[in-house]
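Structural overview for review
Chain residues, written in single-letter form:
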Amino acid sequence: MDFSISIRCLKRLEVSSNQIYSETYKALRSIDIDWGIAKDSANLCKWLATHNQFFLGSILKTTDLYKSGNISTSVNDNTYDKPLSSALMGLVLVEYVASNNKTWEGYLNSPKFLLAAMDLISHEQKCHLELSDKNHNIIAITDQEKLYVDLNSLSNKNEYFFLNVTQKNKNININKLNLYDMSFATKVNKKCWEKLKSMAFDTYVPESDASKSGAGY
């Protein structure tokens, strides 16, 4: 655990889901992450927030790992020391599995972002997806447009997972994850939010004659 982030992130404030999306997107673009990946990741953060799941510390850690080259953005190339980033590549991975009806296996960083991707893609493509650990114990499954997940089995450690399309109405004994009311603001850690916003601010070009010209002045 990154205790330096944890200690700084004690005070909380309320932000809207749209703010979460826009500030996360801009923050990721500030470190030269592709706009499509940044958009996907911002949507996953928004999903986690509306499901009352922590996302802010994890996305900040993801930016640090990305800058240091310690996470992978390749679906086919990942290791324990350089796992696939669920925060950045979750939607791409789940779309790949769902569209091709294939089983994927490998190491994941911050697998909770994959839960968001599984729920979004299962609604979009009307498919049933299953996430299991290295021992093939089911951790999460989508069924009848609902997401069931054993949150206690997820951790921030780099673990080996399997993701595949599964049978409809498969027997499960884990709990449904409920959607929170998106009309209400989400509480986030103030210092972490300020760090994210400062990164987002870096995406703006300082006003100059050149920038004015480029903006159509």
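Because the structure is predicted, anything quoted here is derived from the model rather than measured. (Residues numbered from 1 in each chain as written. Predicted model: local features only at pLDDT ≥ 70, side-chain atom pairs only at ≥ 80, totals over all residues. Heavy atoms only, no water.)

1. A short note on the overall build of the protein
For the record, the criterion: In this description a helix means any DSSP run of H or I spanning at least four residues, a strand means any run of E spanning at least two, and both kinds are numbered starting from the N terminus. Pairs of residues are marked as contacts when any of their non-hydrogen atoms sit within 4.5 Å. Note on areas: Shrake-Rupley, 1.4 Å probe, and residue coverage restricted to the protein chains presented here.
From N to C terminus, the protein includes eight helices and eight strands. Considering only residue pairs separated by 6 or more positions, the protein has 71% of its internal contacts joining residues 24 or more positions apart. Accessible area of the protein: about 11800 Å², with a carbon and sulfur share of 47%.

2. Quick look at the pattern of salt bridges
For the record, the criterion: Only one rule defines a salt bridge in this text: a Lys or Arg side-chain nitrogen within 4 Å of an Asp or Glu carboxyl oxygen. Residue exposure (1.4 Å probe, protein chains only): buried if accessible area is under 20% of the type maximum, exposed if over 50%, otherwise partly exposed.
Under the definition given, this model contains one salt bridge. Residue Glu-23 is joined to Lys-26 by a salt bridge in which the shortest nitrogen-to-oxygen separation is 3.3 Å. With Glu-23 and Lys-26 both in helix H2 (residues 17–29), this residue pair falls three residues apart, about one helical turn. The same class applies to Glu-23 as to Lys-26, namely buried.

3. Observations concerning the sheet that holds strand S2 (residues 84–85)
The line we're drawing: Here, strands pair whenever DSSP counts at least two bridges between them.
An order of S2-S3-S7-S4-S5-S6 is seen for the six strands of this open sheet, with the pairing classed as mixed. Each end of this open sheet is capped by a strand with a single partner; those strands are S2 and strand S6 (146–149). Summarising the sheet, strand S3 (residues 104–109) and strand S7 (residues 159–165) pair through five bridges and their orientation is antiparallel. Looking at S7, one finds that Gly-106 is bridged to Phe-161.

4. Regarding the packing of H2 against helix H7 (residues 190–201)
This is how the line gets drawn: Throughout, an axis means a line fitted to C-alpha atoms (over the contacting stretch in the case of helices), and angles, computed between N-to-C directions, take values from 0 to 180 degrees. Note on angle classes: values under 35 degrees are labelled roughly parallel, values over 145 roughly antiparallel, values of 65 to 115 roughly perpendicular, and the remainder oblique. By the definition used in this description, the sense in which the near helix is turned from the far one sets the handedness, with an anticlockwise turn below a right angle giving left-handed and a clockwise turn giving right-handed. Residues are grouped as follows: Ala, Val, Leu, Ile, Met, Phe, Trp, Tyr, Cys and Pro are nonpolar; Asp, Glu, Lys and Arg are charged; all remaining types, including Gly, are polar.
Packing of H2 against H7 brings their axes to within 7 Å, and their N-to-C directions diverge by 55 degrees. Judged by the angle between their axes, H2 and H7 are oblique. The element H2 and its partner H7 pack so that their crossing is left-handed. Together, Gln-19, Ile-20, Glu-23, Thr-24, Lys-26 and Ala-27 of H2 and Trp-193, Leu-196, Lys-197, Met-199 and Ala-200 of H7 make up the contact between the two elements. Residues of the contact of H2 with H7, tallied by class, amount to six nonpolar, two polar and three charged.

5. So, unusual backbone geometry
Non-glycine residue Asp-32 carries a positive phi angle of around 65 degrees. Relative to the elements of secondary structure, Asp-32 occurs in the loop between H2 and helix H3 (35–50).

6. Brief notes about the environment of Arg-29
Turning to its location among the elements, Arg-29 is positioned in helix H2. Taking the C-alpha atoms as reference points, Arg-29 and Lys-39, separated by ten residues in sequence, lie 9.2 Å from one another.

7. Description of the confidence of the model for the protein
Low-pLDDT portions of the prediction should not be read for the details of their coordinates. Here is the rule we go by: Known as pLDDT, the predictor's confidence for each residue is given on a scale from 0 to 100.
On average, residues of the protein carry a pLDDT of 83, and 79% of them reach 70 or more. Predicted confidence in the protein is weakest over helix H8 (residues 209–214), with a mean pLDDT of 40, and strongest over S2, with 97. Contacts from residues 205–217, a stretch scored under 50 in pLDDT, to residues over four places away or in other chains number four contacts.

8. What about the packing of aromatic side chains?
Defined as follows: Each Phe, Tyr or Trp ring (for Trp, its six-membered ring) is paired with any other whose centre lies within 6.5 Å, and the angle between the two planes then decides the class: stacked below 30 degrees, edge-to-face above 60, tilted in between.
Enumeration according to the criterion identifies four aromatic pairs in this entry. An aromatic cluster of three or more residues is present, and its members are Tyr-80, Tyr-107, Tyr-160 and Phe-162.

9. Structural notes on the pairing of strand S5 (residues 138–143)
Counting buried positions along S5 yields five of six residues, so the element is predominantly enclosed. For strand S4 (residues 129–133) and S5, the ladder comprises three bridges, and the chain directions are antiparallel. By the bridge assignment for S5, Glu-130 is matched with Ile-141. Taking the residues between adjacent antiparallel strands as the criterion, S4 and S5 are bridged by four residues, where His-136 takes a positive phi near 65 degrees. When S5 meets S6, the two strands line up antiparallel, connected through four bridges. The partner of Ile-141 across the bridge, within S6, is Tyr-148.

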